[in-house]
Protein chains: 2
Amino acid sequence: MKKKNTDLRIVRTKQSIRKAFYELIQEKGYEAITIQDIADRAMINRNTFYLHYQNKPDLLDTCMDELLSELQQTVVLCPFHMNPFRMSRLETVMQAVLEHISGSITFYYAMLVEESRIYPFRAKMEAIIKGKLDEGWKPAQRNSPLAVSKELLLEYLVSAFMGIVIWWIKNDRPLPAGEVSSQFSRIVTYGHLKAAGIAVEE
Amino acid sequence: MKKKNTDLRIVRTKQSIRKAFYELIQEKGYEAITIQDIADRAMINRNTFYLHYQNKPDLLDTCMDELLSELQQTVVLCPFHMNPFRMSRLETVMQAVLEHISGSITFYYAMLVEESRIYPFRAKMEAIIKGKLDEGWKPAQRNSPLAVSKELLLEYLVSAFMGIVIWWIKNDRPLPAGEVSSQFSRIVTYGHLKAAGIAVEE
DNA sequence: ATAAATAAACAACACGATGTTCATTATTTA
DNA sequence: TAAATAATGAACATCGTGTTGTTTATTTAT
């Protein structure tokens, strides 16, 4: 049974807060926002904010969960084959995600891109790795049927690289460095099907 | 010409601040640290902190740059072939990075893992993607010479996936969603060499 | 060795944001 | 129409920040 906020004052206030928050996030970034900012923009008293949310992180959580549950829906309902071209599983999911994101691009921008301005460590580290991987590219072969943009490929490599590194740190270094390195290298080089020895429904 | 801090008081103070900061970061996380915390731990007056650093982010920046310039050194000097087994370029760099990280594991943990507790959006989104990709795995083939751990492979896929998504958002959607999806899918499936039509020195 | 320079300590302050309390006013629901 | 409750407005204590003086201790230069 859903607790329904039948009182119009409540839904109206919550809406204004949410709207103000989204606007402010893209104007000055999450960190710089004060409760007073939100109250001013939403044209409510600052106390009223505390009537509905515990604090700023609480509001953020609510917004995140709201949007991510939409994403969840989008992804869960995502069929294995969604069109006549028999797109792969990954391709299908990726496309669905990108299209969902397009509908709420400013919030996703704030959450995923702005974030790296406040915690620039990951981005700085990525830049170093990227610089190294960027050395020694050979020019693309002409008319290669599979050719992808260099920029995209480089981003792909660096992201996977960083992801594995962070996974390794988070899980308290479950494998020796040499083992991780060689497995990573194999996946990158041969693709996930061959590398894994795993069959994935395509 | 290097500006040398010949005054022992300065180097001593800076060292204590740095040490205190590193300790506190792993004890309570960056966000929760106050200047007073650092001053107490370093056994200096709070004002003395402001004599050397502008604020907390400034101190963080200094520490980051210090560590990342070490990483830079490690990576730049990283030879293309570092051992008789003819490791690939990626493998070599990965191994060097992991070994470097092991030497400062607590700071890297704080910067790369703890971060996601403060900005949990990316992690939450990753979990959704991971859940979807985790469906429909087939068991690994026995004795596959290239077999890698499922956990590592899944992390690899999700990280690359998220990296491309963020790249796409950050660069103001430079390609249509369908194009990104199909290129991504190709790289994952066929490996970067075939997918790119690019020869990379191995 | 001594004097000038300066790092560090100590106290005080203004400022801004947070989160809470309480009385009052406005709006909704019964 | 009356009771319930959402919203307002003012006040307050608390905390962390960053700054400004003054005094003490240590280092550097003469």
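This is a predicted model, so every value here is computed, not measured.

**Notes on the overall build of chain A**
When its secondary structure is counted, chain A shows nine helices and zero strands. Secondary structure elements of chain A occur, N-terminal to C-terminal, as α-α-α-α-α-α-α-α-α. Buried residues in chain A amount to 50% of all 202 residues. Summed over all atoms, the accessible surface of chain A reaches about 10100 Å², with 52% contributed by carbon and sulfur.

**What about the protein's contact with DNA strand C?**
Around DNA strand C lies a shell of 20 residues, among which Asn47(A), Thr13(B), Asn47(B), Thr48(B) and His52(B) are the nearest. What you see for DNA strand C is that sugar and phosphate hold 59% of its atoms within 4 Å of the protein. The separation between a phosphate oxygen of DNA strand C and a polar main-chain atom of Ile35(A) is 3.2 Å. In the environment of DNA strand C, a phosphate oxygen lies 2.9 Å from a nitrogen or oxygen atom belonging to the backbone of Asn45(B). Within the residue set of the surface near DNA strand C, elements represented by two or more residues are helix 3 (46–52) of chain A together with helix 1 (8–28) and helix 3 (46–52) of chain B. Considered class by class, the residues forming the surface near DNA strand C number six nonpolar, nine polar and five charged.

**Here's the deal with the protein's contact with DNA strand D**
Every one of the 20 residues lining DNA strand D counts as a neighbour, but Thr13(A), Asn47(A), Thr48(A), His52(A) and Asn47(B) are closest to it. Taking Asn45(A), its main chain carries an N or O atom lying 3.0 Å from a phosphate oxygen of DNA strand D. Contact between DNA strand D and Ile35(B): a phosphate oxygen at 3.2 Å from a main-chain N or O atom of the residue. When contributions to the surface near DNA strand D are tallied by element, the ones reaching two or more residues are helix 1 (8–28) and helix 3 of chain A together with helix 3 of chain B.

**Observations regarding the packing of helix 1 of chain A against helix 4 (residues 56–76) of chain A**
Residues and elements named next belong to chain A. In the contact formed by helix 1 and helix 4, the axes pass within 11 Å of each other and the chain directions differ by 90 degrees. Between helix 1 and helix 4, the crossing angle belongs to the class labelled roughly perpendicular. Together, Ile17, Arg18, Phe21 and Tyr22 of helix 1 and Leu59, Leu60, Thr62, Cys63 and Glu66 of helix 4 make up the contact between the two elements.

**Overview of the relation of the copies chain B and chain A**
When chain B is fitted to chain A, the residual RMSD is 0.1 Å, and the transformation amounts to a turn of 180 degrees plus an axial shift of 0.0 Å. Expressed as a symmetry operation, the mapping of one chain copy onto the other fits a two-fold axis. No C-alpha of chain B lies nearer the rotation axis than that of Gly191(B), which sits 2.0 Å from it. Of all interface residues in chain B, 100% are interface residues in chain A too; the two copies therefore contact each other through one and the same surface.

**What to know about the side chain of Glu126(B)**
Residues and elements named next belong to chain B. With respect to the helices and strands, the residue Glu126 is situated in helix 7 (residues 121–134). In this structure Glu126 comes out as buried when scored by relative accessible area, which is 15%. Ignoring any residue separated from it by four or fewer positions in sequence, one finds Glu126 in contact with Glu155, Val158 and Met162.

**A short note on the UniProt feature "transmembrane region" (unreviewed entry) in chain A**
Feature annotation in UniProt places "transmembrane region" (unreviewed entry) on residues 152–169 of chain A, given in this structure's numbering. Helix and strand shares over residues 152–169 of chain A are 100% and 0% respectively, and the end C-alpha atoms of the span are 26 Å apart.

**Some thoughts on the nonpolar core**
In terms of nonpolar packing, the biggest core is built from 126 residues, with Met125(A) and Met125(B) touching the most fellow members. Beyond its immediate stretch of four places on either side in the chain, Met125(A) contacts Met162(A), Val165(A), Leu68(B), Leu71(B), Val97(B), Ile101(B), Tyr108(B) and Leu112(B).

**A few points about the packing of helix 6 (residues 105–118) of chain A against helix 8 (residues 150–170) of chain B**
Following both chains from N to C, one finds helix 6 of chain A and helix 8 of chain B inclined at 120 degrees, their axes separated by 10 Å at the closest point. By the criterion of interaxial angle, the relationship of helix 6 of chain A to helix 8 of chain B is oblique. In this structure, helix 6 of chain A crosses over helix 8 of chain B, and the sense of that crossing is left-handed. Here helix 6 of chain A contributes Ile105(A), Tyr108(A), Tyr109(A), Leu112(A) and Val113(A) to the contact with helix 8 of chain B, which in turn contributes Met162(B), Ile166(B), Ile169(B) and Lys170(B).

**Examining the packing of aromatic side chains**
Scanning all chains against the criterion turns up 20 aromatic pairs over all chains. A centroid spacing of 5.5 Å and a plane angle of 70 degrees characterise the contact between Tyr108(A) and Phe121(B), whose relative ring orientation is edge-to-face. Note that Tyr108(A) is positioned in helix 6 and Phe121(B) in helix 7, a pairing that runs across two chains. Across this residue pair, the class does not change: Tyr108(A) and Phe121(B) are buried. With a centroid separation of 5.6 Å and an interplanar angle of 90 degrees, the aromatic rings of Phe49(B) and Tyr50(B) are classed as edge-to-face. Residue classification places Phe49(B) among the buried positions, given a relative accessible area of 1%. Taken together, the aromatic side chains of Phe21(A), Tyr30(A), Tyr119(A), Phe21(B), Tyr30(B) and Tyr119(B) make up a single cluster linked through ring pairs. Over the ring of Trp168(A) we find Arg173(A), and its NZ or CZ is 6.0 Å from the ring centre. The ring of Tyr30(B) has Lys56(B) lying over it, and the distance from NZ or CZ to the ring centre is 4.4 Å.

Quick notes on the rules
- Residues numbered from 1 in each chain as written.
- Chains lettered and ligands numbered in written order.
- Predicted model: local features only at pLDDT ≥ 70, side-chain atom pairs only at ≥ 80, totals over all residues.
- Heavy atoms only, no water.
- Helix = DSSP H or I, 4+ residues; strand = E, 2+ residues; numbered from the N terminus.
- Buried < 20%, exposed > 50% of the residue type's maximum accessible area, 1.4 Å probe, protein only.
- Areas by Shrake-Rupley, 256 points an atom, 1.4 Å probe, with all protein chains shown as cover.
- Near = heavy atom within 4 Å.
- Polar contact = N/O pair within 3.5 Å; in protein donor to acceptor, adjacent residues only side chain to side chain.
- Nonpolar A, V, L, I, M, F, W, Y, C, P; charged D, E, K, R; others polar.
- Axes fitted to C-alpha atoms, helices over the stretch in contact; angles between N-to-C directions.
- Parallel < 35°, antiparallel > 145°, perpendicular 65-115°, else oblique.
- Contact = heavy atoms within 4.5 Å.
- Least-squares fit on C-alpha atoms with pLDDT ≥ 70 in both.
- UniProt positions renumbered as here; feature names shortened; annotations may be inferred.
- Core = buried A, V, L, I, M, F, W, Y, C linked by side-chain atoms within 4.5 Å.
- Left-handed = near helix turned anticlockwise from the far one by under 90°.
- Phe/Tyr/Trp six-rings, centres within 6.5 Å; stacked < 30°, edge-to-face > 60°.
- Lys NZ or Arg CZ within 6 Å of the ring centre and 35° of its normal.

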